[in-house]
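Below, each chain spelled out in residue letters.
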Amino acid sequence: MHISLEVGDYLKHSCPVLAVGCFEEDGDLEWITRLDRAMEGRLLPLCRQEDFAGKLDKTKMVHSLGRLPAERILLIGLGKRKDFTVERLRRASGTMVQVLKKARLERGSSLLHSAAGDDTDKIRAVAEGALLGSYEFSQYKTASGEESAVAELTFLCHDKNVRTKVESFVAEAICVCEATFFARDLVSQPGNVATPAYLADKGLEMAAGYGIACRALERDELERLGMGAMLAVSRGSHEPPRFITLEYRSGKVKSRPIVLVGKGVTFDSGGISLKPRAGMERMKDDMAGAAAVLGTLKAAAALRLPLHLVGLVPAAENLPGGSAYKPGDVVTAMSGKTIEIVNTDAEGRLLLCDALYYAQRYHPAAIIDVATLTGACVVALGNVATGLMGNNSGLKRALTRAGEASGERLWELPLWEEYGELMKSDIADLKNAGGPTAGTISAGWFLQQFVGRSHWAHLDIAGTAWEEKGQPHIPKGATGVGVRLLIEYLRSIC
Ligand code: BES
Ligand code: MN
Ligand code: ZN
């Protein structure tokens with residue numbers, strides 16, 4: 001979908017459909033009143049009808065029957081004015097695109113961005129909501145779908161100054177959304193395509209396009225580095241592992257880097273501790289953390305953020321092959337710590353512990369890891385929030401704020417030392433899985449043993465990486481979660 005900008009009066013603007021936002025109990029916004037007059041007083045009564053009345057997520061399409069150059073008016077409910085949030089605007093904008101798509105309208109014009117004032121975050125939110133909602137992954141559909149895609153959306157601005165402002169924020173939103181789509185595409189790819197080698201190729205290709213330094217380490221190098229935990233996971237599969245490193249540094253910046261680490265399990269069968277068959281197909285999304293890291297580097301480079309940023313992606317497939325690692329095995333992580341394997345399905349932390357240890361080489365200002373790490377996090381927070389843990393309150397606070405601003409919200413869980421009891425092993429320094437309780441925290445606690453004194457935060461996206469039902473701005477499937485959040489965070493520290 002392409003977004004274009006036009007300056008002009010919406011009463012004189014001809015288009016197939018003109019979308020406007022309406023608050024509940026408030027039909028008297030200036031543009032509604034003007035449109036109503038042009039419509040000879042027929043718009044407001046429709047606006048107030050019970051089935052719409054400006055309620056959140058509700059819409060109403062009204063034909064202008066020649067009374068306006070715009071053929072139709074699409075009313076979009078924004079809910080109560082006092083409950084208004086930027087996230088609601090993102091939703092409303094996604095809703096707009098969904099309605100156009102269903103009505104098979106390939107073009108539309110919008111006034112939504114001025115619904116609640118022309119502030120930066122609102123303009124960005126409208127552009128983001130529309131773009132994010134227009135996403136489709138149709139590569140493997142051989143017949144074209146029922147619904148046609150919305151090709152062009154025009155933002156109407158009332159004067160040239162507003163246009164210039166809107167233009168730059170739309171351009172930023174496009175960078176971030178394209179990176180989110182890059183992440184969604186990677187996660188949507190089936191496991192037989194998106195192997196560790198595929199992730200590495202995509203990373204190298206993306207990096208080459210932006211002048212990001214990128215390397216993909218192979219098994220022999222991982223052996224030399226002593227990444228025994230990560231290598232153990234990869235042993236059950238014929239797909240060889242990769243350890244992808246990316247480094248972006250904008251010209252003048254000399255600061256210590258922020259290191260992002262993304263779990264890249266391209267398929268998680270559970271290994272010898274095999275998962276139940278129902279729903280196992282979803283485990284192709286177990287590299288959503290990797291996708292978020294690759295997407296964030298892409299967006300940061302596209303936006304030319306003045307930053308020093310490193311991305312680390314340990315990638316492997318977790319299968320129960322003949323040489324697979326087994327419960328009872330003891331492996332040695334790169335840090336030298338020994339780990340008793342009690343459950344081969346707790347593989348993500350084994351990839352991450354080597355990557356987190358490797359991250360120390362960069363003397364990072366902060367390390368942030370992103371991982372579909374625990375089913376327990378889905379139980380605790382559902383798909384509404386990402387789990388947050390960490391050892392530095394400033395970092396956690398900044399991330400939490402970025403979560404509020406981006407709509408990709410975080411909720412913190414504690415890492416009190418008592419939880420460490422769960423991970424004690426009789427035979428090794430640690431075991432890789434605790435009991436049935438506090439599963440998200442014990443995983444976080446495990447990771448903390450490998451970050452040294454670095455400032456570190458852990459984001460468990462097990463619940464937020466995949467959308468089951470579909471929301472206006474988050475279509476069913478891969479969400480690309482993490483990209484918008486991390487870009488918002490990085491912007492806040494630039
Ligand atoms: N990739 C899974 C976590 C997951 C589960 C993500 C459901 C999304 C939806 C992870 O590797 C895993 O299997 N974790 C285990 C850990 C346990 C064995 C300690 C889990 O959550 O059951
Ligand atoms: Mn697993
Ligand atoms: Zn996993």
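Heads up: these notes are all about the structure in this document.

**Some thoughts on helix H6 (residues 196-210)**
And step 1. Counted at 1.5 Å a residue, the expected span for H6 with its 15 residues is 21 Å, and the 22 Å between its end C-alpha atoms agrees.
And step 2. Within H6, the full set of buried residues consists of Pro196, Tyr198, Leu199, Ala200, Gly203, Met206 and Ala207.
And step 3. Buried residues belonging to H6 abut helix H5 (160-188), strand S7 (213-217), strand S8 (242-249), strand S10 (264-268), helix H9 (288-302) and strand S11 (308-318).

**A word on the coordination of the zinc ion (ligand 3)**
And step 1. The protein atoms donating to the zinc ion (ligand 3) are Lys263 (NZ), Asp268 (OD), Asp286 (OD) and Glu347 (OE), with metal-donor distances spanning 1.9 to 2.4 Å.
And step 2. Coordination geometry of the zinc ion (ligand 3): the 6 donor atoms subtend angles of 79 to 175° at the metal centre, consistent with an arrangement described as octahedral.
And step 3. In the primary sequence, the donor residues of the zinc ion (ligand 3) line up as K-x4-D-x17-D-x60-E.
And step 4. Here the zinc ion (ligand 3) and the manganese ion (ligand 2) are spaced 3.1 Å apart, and both take aspartate 268 as a donor. Here the two residues lysine 263 and aspartate 268 agree in accessibility, since each one is buried.

**Points about the pattern of salt bridges**
And step 1. A complete count under the given rule lists 28 salt bridges for this structure.
And step 2. With a closest N to O distance of 2.7 Å, arginine 124 and glutamate 172 form a salt bridge. Note that arginine 124 is positioned in helix H4 (residues 120-133) and glutamate 172 in helix H5, a separation of 48 residues in sequence.
And step 3. Here glutamate 172 falls in the partly exposed class, since its relative accessible area comes to 23%.
And step 4. A salt bridge links glutamate 347 to lysine 263, with the nearest nitrogen and oxygen atoms 3.1 Å apart. Separated by 84 residues along the polypeptide, glutamate 347 in the loop between strand S13 (338-340) and helix H10 (348-359) and lysine 263 in the loop between strand S9 (258-262) and S10 bring together distant segments of the chain. Taken individually, glutamate 347 and lysine 263 each receive the classification buried, so the pair is uniform in this respect.
And step 5. Bridged by salt links that share partners, the residues Glu87, Arg90, Glu128, Glu408 and Arg484 form one connected network.

About the thresholds
- Residues numbered from 1 in each chain as written.
- Chains lettered and ligands numbered in written order.
- Predicted model: local features only at pLDDT ≥ 70, side-chain atom pairs only at ≥ 80, totals over all residues.
- Heavy atoms only, no water.
- Helix = DSSP H or I, 4+ residues; strand = E, 2+ residues; numbered from the N terminus.
- Expected span 1.5 Å × (residues − 1).
- Buried < 20%, exposed > 50% of the residue type's maximum accessible area, 1.4 Å probe, protein only.
- Contact = heavy atoms within 4.5 Å.
- Donors = N, O, S within 2.8 Å, 3.2 Å for Na, K, Ca; no water.
- Tetrahedral: all angles 85-135°; square planar, octahedral: opposite > 155°, others 65-115°.
- Salt bridge = Lys/Arg side-chain N within 4 Å of Asp/Glu carboxyl O.

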